[in-house]
Structures are given as structure tokens and as C-alpha cells.
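Analysis of the macromolecular model
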Amino acid sequence: MTMPQQPQATADVTSAVSAAGPEPVEGPIKIRVRELSLFYGPVQALFEVSMDIPARQVTALIGPSGCGKSTFLRTLNRMNDIIEGVRISGSVSIDGQDLYHDHTDVVALRKRVGMVFQKSNPFPKSIFENVAYGPRIHGVRSRQELVEIVERSLLRAGLWDEVKDRLGTSALDLSGGQQQRLCIARALAVDPEIVLMDEPASALDPRSTARIEDLIGELREDYTIVIVTHNMQQASRVSDFTAFFYEGRLIEFGPTPQIFTKPSQKRTEDYITGRFG
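Residues numbered from 1 in each chain as written. Predicted model: local features only at pLDDT ≥ 70, side-chain atom pairs only at ≥ 80, totals over all residues. Heavy atoms only, no water.

1. Things to note about the sheet that holds strand S6 (residues 113-116)
The strand order across the open sheet built from six strands is S6-S7-S8-S3-S9-S10, with neighbouring strands paired in mixed fashion. Among the strands making up the open sheet, the edge pair consists of S6 and strand S10 (249-255). The sheet shows a mean angle of 15° between the axes of neighbouring strands, direction not considered. Both strand S3 (residues 58-62) and strand S9 (residues 241-246) contribute to a ladder of four bridges, which runs parallel. When the bridges of S9 are listed, Thr59 appears paired with Phe241. Set on the sheet, helix H6 (residues 176-188) makes contact with S6 and strand S7 (194-198); between it and S6 the angle comes to about 170°. In this fold helix H7 (residues 206-219) packs onto S3, S7 and strand S8 (224-228), with an angle of close to 150° to the strand it touches most, S8. (Pairing = 2+ DSSP bridges. Helix = DSSP H or I, 4+ residues; strand = E, 2+ residues; numbered from the N terminus. Axes fitted to C-alpha atoms, helices over the stretch in contact; angles between N-to-C directions. Contact = heavy atoms within 4.5 Å.)

Shown next, in the form of C-alpha cells:
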């Protein structure tokens with residue numbers, strides 16, 4: 001799957017945009033999306049989406065089911081490549097590098113852009129081997145280095161104190177919330193720059209959800225985070241910027257306080273206030 005060549009974007013501050021372009025974002029831009037459209041065979045799922053996602057901030061994607069949020073999220077690390085019949089036009093770049101260029105190394109891309117899914121999916125291996133899996137794939141062979149990576153990743157995911165004495169036990173013995181934090185540790189173990197989260201707390205109890213939200217707040221210091229959520233309260237709590245999608249289109253994007261208190265589009269206001277969705 002290829003995309004048309006686009007001029008390389010720069011990763012500096014966005015100072016101006018065209019009337020049809022995205023809203024300007026203050027600060028460094030990590031991901032730049034321009035006129036992105038996606039088709040599943042004859043069905044169009046995304047319509048000319050343009051957005052600048054700021055570095056080391058949390059961006060929430062909201063909107064009713066089937067509006068294109070998860071599809072858009074998967075374009076940011078080319079997970080849609082594995083779906084037969086997908087076609088894409090437009091451009092997506094990270095730090096000015098075109099993700100869909102013919103010569104893009106997709107394995108290297110997914111090392112830079114980690115992914116945490118809606119349902120926790122630990123491997124049927126030990127806790128240690130779950131976290132060490134990615135570094136092993138990327139060539140880390142030293143046992144001592146793997147031990148350090150596993151400890152560091154579990155600390156970042158807020159799980160180390162709970163599992164440090166049973167790293168050799170099965171990851172499947174962990175609770176649901178612990179399994180999700182393990183999956184976050186596994187994503188962090190390859191030292192990504194961006195972490196994508198597709199409704200990471202939707203299947204968890206309130207206590208585990210709070211732990212995940214606290215963790216997102218801590219991770220924003222080191223990572224660019226993009227999260228899909230159906231929970232409006234969660235989006236308002238954890239994110240710095242919010243994008244509202246509806247029927248495959250980006251309706252509005254801006255600072256989260258603005259989107260939730262003074263949206264510029266009536267459809268955004270109607271969704272946030274519960275009139276539909």
C-alpha cells in the first residue's frame with residue numbers, strides 16, 4: 001500500500017494554517033496529518049482528516065461508535081496495513097518523516113509508535129518474558145540488559161512493586177488491570193516515542209481505570225500519547241487536546257478545556273452534552 005508523495009513537514013511550531021487546514025497548535029508538533037482518507041474496499045471510513053498532534057501531550061479521540069476513531073489511530077503506526085483491501089490517500093508524518101513512503105521500515109516505525117489495545121493481550125509467557133519480548137525481537141541479547149529493561153518498563157507502568165517477586169510466573173495469572181499495565185510496560189520496553197491507546201480502560205473496574213489514568217498523566221512527560229475513549233469524563237481528565245470525530249470526519253480539534261466548555265461546532269456540543277452518541 002502506498003501513498004502519494006507529499007512535501008516533508010517540519011516538526012517545529014505551527015505558526016499558520018490555511019483556511020481549510022487544521023487548527024494551529026502551539027509548541028512542537030510530533031505527528032502531522034494532511035487530508036487523510038481511508039477506504040475499506042469501496043467503503044470510505046475517513047474523509048480528508050488534517051490534524052497536528054503535539055509532542056509530549058495527551059490527545060484524546062472522541063466520537064460515537066463507528067465514527068473512525070480507531071481507524072484513524074491505526075493509521076499512525078500502519079496497523080491498517082494488515083487489513084485486506086485498505087487504501088489510503090493523503091499524508092501522515094512523524095518528525096517530518098512520511099510514514100507511508102515506499103522505503104519506510106514498518107518494523108522500525110512500530111518500535112517508535114507503541115500500541116495498547118482495548119482488551120489486554122498478554123502473551124502466555126512469564127511476566128518477565130512478556131516485557132522482554134520486544135527488546136529480544138529488536139536484537140537485545142544481554143541478560144543483564146534485559147533485566148534492566150524489564151525493571152525500568154514495569155516501574156514506568158506502575159507495576160514493579162506488585163510483581164517484582166514473581167517475574168517468572170504466568171502473566172495470565174495477573175488481574176485484568178495488572179494485565180493492561182503489563183501490556184503498557186511491554187509497549188514501553190522498546191523505548192517508543194509515541195504510545196497509542198485504544199480504549200485502554202474500557203474493560204476495567206473503576207479502581208483499575210483510575211490507575212491507568214494516573215499512569216497516562218505520568219507518561220505524558222516522556223511520550224506523545226494518543227488515546228481513543230468513549231468516556232467523556234475520562235477524556236476531560238487525562239487529555240491536553242481533544243479531537244471529535246463524526247461519520248469519518250474530524251469535526252473539531254483543540255485544547256480539551258475549550259472543546260468541553262466552549263466548542264465551536266454544534267455537533268461537538270451536542271455529542272459532549274449527550275444529545276446523541
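2. A look at the packing of helix H3 (residues 127-137) against H6
It is the contact of H3 with H6, at a shortest axis distance of 7 Å, that shows an interaxial angle of 35°. Crossing angle aside, the handedness with which H3 passes H6 is right-handed. Packed against H3, whose contacting residues are Ile127, Asn130 and Val131, the element H6 presents Leu182, Ala185 and Arg186 at the interface. Class assignment of the residues belonging to the contact of H3 with H6 gives a composition of four nonpolar, one polar and one charged. (Left-handed = near helix turned anticlockwise from the far one by under 90°. Nonpolar A, V, L, I, M, F, W, Y, C, P; charged D, E, K, R; others polar.)

3. Here we look at the environment of Ala185
Within the fold, Ala185 resides in helix H6. The sequence separation of Ala185 and Gly66 amounts to 119 residues, and the corresponding C-alpha distance is 29 Å.

4. A short note on the environment of Gly68
Along the chain, Gly68 falls in the loop between S3 and helix H1 (69-75). Distance from Gly68 to Leu38, taken between C-alpha atoms, is 9.5 Å for residues 30 residues apart in sequence. Beyond its immediate sequence surroundings of up to four residues, Gly68 is in contact with Ala45 and Leu46.

5. Side note on the layout of surface pockets
Size it by volume and the largest pocket reaches roughly 510 Å³. Listing elements by their share of the lining of the largest pocket, those giving two or more residues are helix H2 (106-112), S6, H3 and H6. For the lining of the largest pocket, a count of residues per class yields twelve nonpolar, five polar and three charged. (1 Å grid on protein atoms, 1.4 Å probe; cavity = no way out; pocket = protein on both sides within 12 Å on 5 of 7 lines; lining within 4 Å. Points joined across faces, edges and corners; volume = space filled by probe spheres on them.)

6. Details of the side chain of Thr268
By the secondary structure assignment, Thr268 is in helix H10 (residues 266-272). Exposure remark for Thr268: the relative accessible area of 0% places this residue in the buried category. (Buried < 20%, exposed > 50% of the residue type's maximum accessible area, 1.4 Å probe, protein only.)

7. A word on a negative patch on the surface
A contiguous patch of negative charge on the surface is contributed by Asp214, Glu218, Glu221 and Asp222. Inspection of the secondary structure puts Asp214 in helix H7. (Patch = residues over 30% accessible without salt bridge, like charges linked within 9 Å, V, L, I, M, F, W, Y side chains within 5 Å. Areas by Shrake-Rupley, 256 points an atom, 1.4 Å probe, with all protein chains shown as cover. Salt bridge = Lys/Arg side-chain N within 4 Å of Asp/Glu carboxyl O. Lys, Arg positive; Asp, Glu negative; His and termini not counted. Charge placed at Lys NZ, Arg CZ, Asp CG, Glu CD.)

8. Focus: the packing of aromatic side chains
Applying the stated criterion to the full structure yields five aromatic pairs. Relative to Tyr133, the ring of Phe123 has its centre 4.8 Å away and its plane inclined at 65°; by these criteria the two rings are edge-to-face. Placement of the pair is Phe123 in the loop between S6 and H3 and Tyr133 in helix H3, with a sequence separation of ten residues. Owing to a relative accessible area of 23%, Phe123 belongs among the partly exposed residues under this scheme. Exposure remark for Tyr133: the relative accessible area of 37% places this residue in the partly exposed category. Here the aromatic rings of Phe244 and Tyr271 are separated by 5.2 Å at their centres, their planes lie at 25°, and the arrangement is stacked. You can see Phe244 sitting in strand S9 and its partner Tyr271 sitting in helix H10, a full 27 residues away along the chain. By relative accessible area, Phe244 is classed as buried at 0%. A relative accessible area of 6% places Tyr271 in the buried class. Connected via pairs of aromatic rings, a cluster forms that spans Phe244, Tyr246 and Tyr271. Positioned over the ring face of Phe39 is Arg87, at 4.4 Å from the centre of the ring. (Phe/Tyr/Trp six-rings, centres within 6.5 Å; stacked < 30°, edge-to-face > 60°. Lys NZ or Arg CZ within 6 Å of the ring centre and 35° of its normal.)

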